[in-house]
Each structure stands twice: as C-alpha cells, then as structure tokens.
Amino acid sequence: MRVAIVTFPGSNCDHDCYRAATEVLHADAKLIWHRERDLGNPDLVILPGGFSYGDYLRPGAIARFSPIMEEVVRYAKAGRPVLGICNGFHILCEAGLLPGALVRNRTLKFLGLDVFVRVENAGTMFTSAYTEGQVLRLPIAHGEGNYVADAATLEALEAEGRVVFRYVDANGEATDEANLNGSMRNIAGIINERGNVLGLMPHPERAVSALLGSTDGRGIFESILAAIQGTPLGAAIAG
Amino acid sequence: MNEYVIDVSITPREGLLDPQGKVVLNALRSLDFDEVADVKVGRLIRLRILAPNMEVARERADEMCRRLLANPVTEEYELELENIS
C-alpha cells in the first residue's frame with residue numbers, strides 16, 4: 001500500500017502521519033512537498049494537520065491553491081481515498097471537497113487535550129474497524145475547530161449518515177459540555193457524498209500506539225487498509 | 001488605467017456565533033461602555049489595483065473575494081473603492 005502525505009509550509013503533523021502510515025499500515029509512505037504536481041499514484045492521500053501558511057487569511061485558504069491540490073482534487077473526484085486531519089480538514093473544506101467551514105473555537109482558546117468522540121457511522125471505508133456508537137479517546141489540538149454549515153447542509157449530512165464523528169462525554173453522550181469548540185451538532189468529522197473523502201479535527205495519527213497514550217486512532221488506518229486491500233479486517237495488520 | 005484603493009471589510013456572517021465579538025463586547029461593558037449593543041470582529045484587507053474604470057475594479061475585487069479573500073460559508077464582505085489616480 002502506498003500513502004502520500006502532503007507537506008505544506010507550516011504542516012507539523014506530516015511526520016506523525018508518516019509514522020502512522022509506516023508503523024500501523026506498514027505502508028510505503030511518501031512525504032510530498034506541496035509545490036509538486038505528482039502524487040505518484042498512491043492508494044491513500046493524507047492532508048496532515050498543522051498551520052499551513054501560518055493560517056494566514058483563514059486556515060487552509062492559501063494551501064488549497066498549492067500546486068499539488070489540483071492533483072488532490074482530481075484524485076478525490078476519481079473516488080480515491082483522501083483523509084484530512086485538523087488543518088487538512090480545513091483545506092478540504094476550503095477546496096470544496098467537503099461542505100461547511102471551521103471557525104474559531106467558541107472559547108477563543110487553543111484546545112490541546114484528549115477528547116471523546118463517538119463513531120456515528122461505522123459503514124465508511126475509514127471507520128469499518130469500529131462499531132457504531134463506539135467511543136474513542138483522541139487528542140485534539142486546534143484553535144479553529146468549530147464546525148459550521150448552513151441548515152440545509154447539516155440536514156443533508158445527518159440524513160445521509162455523513163456525520164462520522166461527534167464530540168461526546170465519557171459516557172458517549174453528545175452533551176454541550178463535551179462540545180468544547182462549539183461545533184454545530186457536536187460535529188467532529190464528516191465524509192463527502194461519495195464516501196471517499198473524510199475530514200476530522202481530532203488526530204487519529206497521534207493515537208496509534210500505547211506509548212502515545214491511546215490506540216483508538218488505529219481503527220481509521222486499519223479500516224482504510226482493509227478497504228484498499230479488500231482483505232478482512234486485521235488480516236494484514238501486524239501488532 | 002486608473003489606480004484604485006479598495007477596502008474589503010470582512011465580517012462574520014449574520015447569525016453565526018462571533019466569539020471574538022462577544023469577548024470584546026464584554027470587555028467594553030466591563031469598562032462601563034453600556035451603550036454598546038453589539039460587536040463584530042472581522043478584518044480589513046486593503047488592495048491597490050489598476051483597472052480601466054471603477055466598475056471593472058469592483059468586479060475584479062468581487063471575484064477575489066469569492067475565490068480567496070472571504071469564505072462564503074462563514075463570512076460576509078463589503079467593498080469600498082476610491083480612485084487615487
């Protein structure tokens with residue numbers, strides 16, 4: 001399996017994604033500089049977290065015009081899997097590959113801590129290793145993760161099962177207190193209509209080994225691997 | 001060609017929570033500026049562009065806003081043009 005991880009100026013989770021790809025997926029992973037125009041026909045593209053272009057103007061607003069993004073959009077439109085994490089989620093929204101936007105946390109504070117999210121749809125190629133309703137503990141690290149969209153978009157997302165992750169408390173309840181950044185409907189992650197582009201604010205790549213404090217993020221990578229290889233879950237995964 | 005200065009004022013879309021505006025509102029109230037009813041915090045982008053006339057200048061700036069400067073999901077914008085040629 002080949003994974004392309006795009007590095008923008010200001011990306012700072014690209015190496016975490018690289019480790020997750022190589023150590024969890026045992027994939028052939030490559031970091032691709034944003035000025036390049038060739039993804040190299042990977043099986044998965046990851047837009048990592050960080051502060052692309054210093055978050056100038058709006059997070060992801062400039063990065064989405066990086067030369068490589070033309071290729072990423074083409075790749076996504078061909079139905080190939082794209083995973084956007086944190087700033088990568090912003091870039092996907094700015095590029096129009098996912099609906100809505102992410103604005104300043106309602107507390108105005110940068111939030112760097114572990115939170116609980118509930119798997120709302122375990123039927124996607126990114127979440128099949130989980131069970132519906134499963135509660136994961138994943139780290140967040142963002143100042144602008146407050147998901148907003150107009151009413152029609154929210155309704156469509158809900159009706160089509162495209163809200164994939166929601167912020168919840170330890171008991172799995174989607175309370176207002178658990179919704180630290182103030183996202184509409186506690187939304188932590190969404191998927192596109194076709195089911196091949198996922199964006200989420202939490203960092204699954206930082207929760208892939210016990211050493212990191214949680215292994216709850218592994219499921220995303222395991223799900224992708226299973227989908228790509230067409231193998232039963234876990235069959236191709238060591239350790 | 002004429003030269004124009006265009007001020008693009010970008011503000012949070014009406015009806016969306018503006019946490020920065022709320023904090024500034026509270027700070028003003030705590031300074032006894034009780035007359036302040038609402039605060040919105042946005043940003044100002046000042047462009048200098050060359051265009052044959054004001055209409056074209058406005059059209060181009062509008063396109064810049066739609067493509068890059070403002071996010072239509074969360075922001076509204078207004079243009080103010082001045083001919084400085």
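Everything quoted here is computed from the prediction, not taken from an experiment. (Residues numbered from 1 in each chain as written. Chains lettered and ligands numbered in written order. Predicted model: local features only at pLDDT ≥ 70, side-chain atom pairs only at ≥ 80, totals over all residues. Heavy atoms only, no water.)

Q: Where do I start with the overall build of chain B in this structure?
A: Looking only at helices and strands, chain B features two helices and three strands. Taken along the three principal axes of its C-alpha coordinates, chain B extends 50 × 25 × 15 Å. Within the span of chain B, comprising 85 residues, buried residues form 33% of the whole. Carbon and sulfur atoms make up 50% of the accessible area of chain B, which totals about 5600 Å². Averaging the coordinates of the 11 positive side-chain charges in chain B and doing the same for the 17 negative ones gives two points 6 Å apart. (Helix = DSSP H or I, 4+ residues; strand = E, 2+ residues; numbered from the N terminus. Buried < 20%, exposed > 50% of the residue type's maximum accessible area, 1.4 Å probe, protein only. Areas by Shrake-Rupley, 256 points an atom, 1.4 Å probe, with all protein chains shown as cover. Lys, Arg positive; Asp, Glu negative; His and termini not counted. Charge placed at Lys NZ, Arg CZ, Asp CG, Glu CD.)

Q: Sorry if this is basic, but what is going on with the nonpolar core here?
A: One recurring pattern in soluble globular proteins: nonpolar side chains tend to sit buried together. Core analysis: the biggest nonpolar cluster contains 69 residues, and Leu83 and Phe165 of chain A have the highest contact counts within it. Per element, the largest residue contribution to this core is five residues, and it comes from helix H2 (residues 67–77) of chain A. If you look at the next biggest cluster of nonpolar residues, it comprises 15 residues, including Ile6, Val8, Ala70 and Leu81 of chain B. (Core = buried A, V, L, I, M, F, W, Y, C linked by side-chain atoms within 4.5 Å.)

Q: Looking at this structure, how should I read the sheet that holds strand E2 (residues 43–51) of chain B?
A: All names here are of chain B. In space, the three strands of this open sheet follow the order E2-E1-E3, with antiparallel pairing throughout. Edge strands, defined here as strands with exactly one partner in the open sheet, are E2 and strand E3 (75–83). When strand polarity is set aside, the average angle formed by the axes of neighbouring strands in this sheet is 25°. Where strand E1 (residues 2–12) meets E2, nine bridges bridge the pair, whose relative direction is antiparallel. Directly across from glutamate 3, in E2, lies its bridge partner leucine 50. (Pairing = 2+ DSSP bridges. Axes fitted to C-alpha atoms, helices over the stretch in contact; angles between N-to-C directions.)

Q: Please clarify how unusual backbone geometry should be interpreted in this entry.
A: Residue and element names in this part refer to chain A. The phi dihedral of histidine 26 falls on the positive side, at around 50°, and the residue is not glycine. Taking the relative accessible area as the measure of exposure, histidine 26 reaches 46% and is therefore partly exposed. Phi is positive for asparagine 186, which is not a glycine, with a value near 60°.

Q: Looking at this model, I keep getting lost on the sheet that holds strand E2 (residues 28–33) of chain A. Mind explaining?
A: The pairing of strands in a sheet happens through backbone hydrogen bonds and is either parallel or antiparallel. All names here are of chain A. Across the sheet, which stays open at both edges, the nine strands sit in the order E2-E1-E3-E4-E11-E10-E9-E6-E7 with mixed pairing between neighbours. Of all strands in the sheet, those bounded by a partner on one side alone are E2 and strand E7 (135–142). This sheet shows a mean twist of 25° between the axes of neighbouring strands, independent of strand direction. Across three bridges, strand E1 (residues 2–7) lies against strand E3 (residues 44–47) in parallel orientation. What sits directly across from isoleucine 5, in E3, is isoleucine 46.

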